[in-house]
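A closer look at the structure
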Amino acid sequence: MSEQIFYPNPEFAKDARIPSMEAYWELQNRAIEDYEGFWKGFADDKIDWLEPYDTILDESNAPFYKWFSNGKLNVSNQCIDRHLADKADQNAIIFEGDNGDVKHITYSQLSEHVNKMANLLKNKFGVKKGDRVVLYMPMIPEATYAMLACSRIGAIHSIVFGGFSADALRDRIEDAEAKIVITADGAFRKGKPYMLKNVVDDALESGCESIEAVLVVKRNHEEIKWVEGRDYSYNELIDAESTECPFEPMDSEDPLFLLYTSGSTGKPKGVQHSTAGYILWAQMTMEWVFDLRKDDVFWCTADIGWITGHTYIVYGPLSAGGTTVMFEGVPTYPDAGRAWKMVQEHNITQFYTAPTLIRLLHKVGEDEPEKYDLSTLRVLGTVGEPIDPPAWKWYYEAIGKSRCSIVDTYWQTETGGHVISPLPGATPIKPACATFALPGIIAEVMEEDGTPTPVGEKGFMCITRPWPSMIRTIWNDPERFKKSYFGDCKKDGEPVYFTGDGAMVDKDGYITITGRTDDVLNVSGHRIGTAEIESAIKHVSSVAVSAVVGKPHEIKGEEVFAYIVLKEEGLSADEVKAEINSVIKKEIGAIALCDEVVIVPDVPKTRSGKIMRRILRSIAKGEEITQDTSTLEDPSIVPTIEKIVNSRG
Ligand code: WTA
């Protein structure tokens, strides 16, 4: 079958930062031949070092790698101060509220806000270098000020996505032993107010001994509970603070932030990122993958509660001196043309979103893009899950007008920034394919023993050399860090970083990501562990056993499908579903609700008691069972479950 290849628009390519595959290979070969020299060149060029580093890469305590040891820098200087000389009046942030109110925040205004907030944290709340600050915030500019204020004084932020429940927030606050929570009364979504502060109240009522104060930003002005001596109003306090707060010189390896993400056990992992390596790659990928330039207006639709929001709403665009768009609402409100209207109104040049949103906007508003002028767009991006060819094609034709490159960026919370992605001015694109490792990233699809997986077959997506923006450790759990990422695949006898994803290389060397090989789901671009959902379901008294798997879904990518064994017969699947979902909502949040629940007499287990999720996954998908079931404790359970699943309406 002949494949269609989409070449970069020559007009665009001619001025692109990486303008051809020759230029790509020149860079990548340089990295292969002199890995440390390659990174040194960019670190020296891109980072405003306050004190020089003495080692480029320290591998002496692998896999706890260190980059640019003993160098000193500050990320808020990197994102703000150093731009002030020539960008003071350029927009740093364009904020659009749910109701369409727009605020432009220049670099000099951003500087004032961040300095004031840094002073407030430092002077009023005694936040110091190394302290953890939890942010439970809506998509408003103050969330960005808070992130940068933390980085200015050396505090470590940990953002908890606003869709997580009070219990999930509490667990994350407690694991990080945070000193303060920054939140808002709430915000607006689809024309209506929603609340956040009450979730913080609930979290703090059930624990969180380490929390000394809650700083509350006003957004929707709804009534909230107020605990005297604990709760403080940002809006009342902030104006008393000075607009000058000297930035703290931070070591390259000082943690910049923690971000909790799902793994294969019930407990989320506090992914710890570094200062220098992270910011370096955030800026480099911004420049290479989005080809960001002066006067560009970049819009990433993610929430700041996820890594995509960290790197490509805040740290990447601002370190690269760009203008970043922050949107409070949802792109389908008031209609499915909202996103395209925003592209027109703000002259957006790069648009970055998740395949789930592309599928949704395609389905509910196929003709909407026609109503708007999208001619400012140059690069379109996708992230978070594999994109399917029909969605890719609509994105390319209806939004990009067959003129913009689509960068299908593959990466993870743990990688800090993109690792495998087309370059918009260089890479001939095969639709729905992440293509090649970026220059400086040495990635291989391999078998567990390090041998290359044959062309066209599925293998493990590994990164075989440490890179600057990689995860440094799991907060409080270095052993889990080693086990989670450096246990599965070895090359030349040495463990290498395993992403948890499967991938395939084709005859031309193109890499296609085939999805997780572990029990992590991707629901509407949100990463959720099945073990987390199962451990929430354990709180439902009528349930004896649960097994959660992912099932492909037209819009969401995957949906949550639960097999339930009851302690006693009698409840209907709908009743059980309602009970389970109310517990999941409390324990995790609405993002992890089960879409389908089936009651089964038992689940397939091996003789040692391990649940065979692969079989359950195949049944949920309606696939024929090809796995060997003879090793099961009770092979007859497989056709029984198949019958139950298939007989539902
Ligand atoms: C998946 C999001 C296919 C993958 C940045 C990965 C992708 C997980 C892609 C990380 C892509 C991300 N194609 N799959 N372009 N990008 N993924 O930590 O399974 O929220 O491991 O980071 O999303 O999700 P996370």
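Predicted model only: the values in this text are computed from it and were never measured.

This part covers the side chain of threonine 353. Here threonine 353 lies in strand S18 (residues 350–353). Since its relative accessible area comes to 3%, threonine 353 is described here as buried. Side chain to side chain, threonine 353 and threonine 301 meet in a polar contact 2.8 Å long. Excluding its chain neighbours within four sequence positions, the residues that come into contact with threonine 353 are Thr301, Ile358, Gly381, Thr382, Val383 and Tyr395.

So, on to the side chain of serine 233. Note on placement: serine 233 falls in strand S12 (residues 231–233). Serine 233 gets classed as buried once you look at its relative accessible area, which sits at 8%.

Here we come to the packing of aromatic side chains. Under the definition given, this model contains 45 aromatic pairs. Note on phenylalanine 161 and tryptophan 306: the rings are 4.6 Å apart at their centroids and 35° apart in plane angle, and the pair reads as tilted. Of the two residues, phenylalanine 161 sits in the loop between strand S7 (156–159) and helix H8 (166–176) while tryptophan 306 sits in the loop between strand S16 (297–300) and helix H12 (307–319), which places them 145 residues apart along the sequence. Exposure class is identical for phenylalanine 161 and tryptophan 306. Each is buried. Among the aromatic side chains, those forming a connected cluster through ring pairs are Tyr35, Phe38, Trp39, Phe42, Trp49, Tyr53, Trp67, Phe68, Trp281 and Trp288. Seen from the ring of phenylalanine 164, arginine 172 lies directly overhead, with NZ or CZ sitting 4.3 Å from the centre. In this arrangement the basic side chain of arginine 189 is found over the ring face of tyrosine 194, its NZ or CZ atom lying 4.2 Å from the centre.

The description of two packed helices rests on the angle between their axes and on the distance between the axes. The interhelical angle for the contact between helix H19 (residues 613–621) and helix H20 (residues 637–646), taken along N-to-C directions, is 30°, at an axis separation of 10 Å. With respect to H20, the axis of H19 lies roughly parallel. For the element pair H19 and H20, the recorded crossing hand is right-handed. Here Ile615, Leu616 and Ile619 of H19 lie close against H20, whose contacting residues are Val638, Ile641, Glu642 and Val645. When the residues that make up the contact of H19 with H20 are grouped by side-chain class, the tally is 6 nonpolar, no polar and 1 charged.

Turning our eyes to something else, we now look at the domain arrangement of the protein. According to the domain assignment, the protein contains domain 1 (34–330) and domain 2 (520–646). The C-alpha centroid of domain 2 is placed 36 Å from the C-alpha centroid of domain 1. Contacts between domain 1 and domain 2 engage 16 residues on the former and 15 residues on the latter. With both chains or domains summed, domain 1 and domain 2 bury close to 1100 Å², and 48% of this area falls on carbon and sulfur atoms.

Thresholds applied
- All residue numbers refer to positions counted from 1 along the written sequence of the respective chain.
- Predicted model: local features are reported for residues with pLDDT of at least 70 only, side-chain atom pairs are reported and counted for 80 or more only, and whole-chain, interface and lining totals are derived from all residues.
- The side-chain numbers reported here are obtained from all heavy atoms of the structure, hydrogens and water having been left aside.
- For helices the rule is a DSSP run of H or I covering at least 4 residues; for strands it is a run of E covering at least 2, with both sets numbered from the N terminus onward.
- In this scheme, a residue with accessible area under 20% of its type's maximum is buried, one over 50% is exposed, and one in between is partly exposed, where area comes from a 1.4 Å probe on protein chains only.
- Counting of polar contacts relies on pairs of N or O atoms within 3.5 Å, with two restrictions inside protein: one atom must be capable of donating a hydrogen and the other of accepting it, and residues adjacent in sequence are counted only when both atoms are side-chain atoms.
- By definition, residues are in contact when any of their heavy atoms lie within 4.5 Å.
- Between 30 and 60 degrees the pair is tilted, below 30 it is stacked and above 60 it is edge-to-face, where a pair is any two Phe, Tyr or Trp rings, Trp via its six-membered ring, whose centres lie within 6.5 Å.
- Here, a charge over a ring is recorded when the distance from Lys NZ or Arg CZ to the ring centre is within 6 Å and its angle to the ring normal is within 35 degrees.
- To define axes, lines are fitted to C-alpha atoms, for helices over the stretch in contact only, and angles between the resulting N-to-C directions are given on a 0 to 180 degree scale.
- With respect to orientation, any angle under 35 degrees is reported as roughly parallel, any angle over 145 as roughly antiparallel, any angle of 65 to 115 as roughly perpendicular, and every other angle as oblique.
- By definition, any crossing whose near helix is turned counterclockwise from its far helix by less than a right angle is left-handed, and any crossing with a clockwise turn is right-handed.
- Polar here means any residue other than Ala, Val, Leu, Ile, Met, Phe, Trp, Tyr, Cys and Pro, which are nonpolar, and Asp, Glu, Lys and Arg, which are charged; Gly is therefore polar.
- In this entry, domain limits derive from an automatic or database-based domain assignment.
- By convention, the term buried area covers the 1.4 Å-probe accessible surface removed from two parts as they join, with the contributions of both added.

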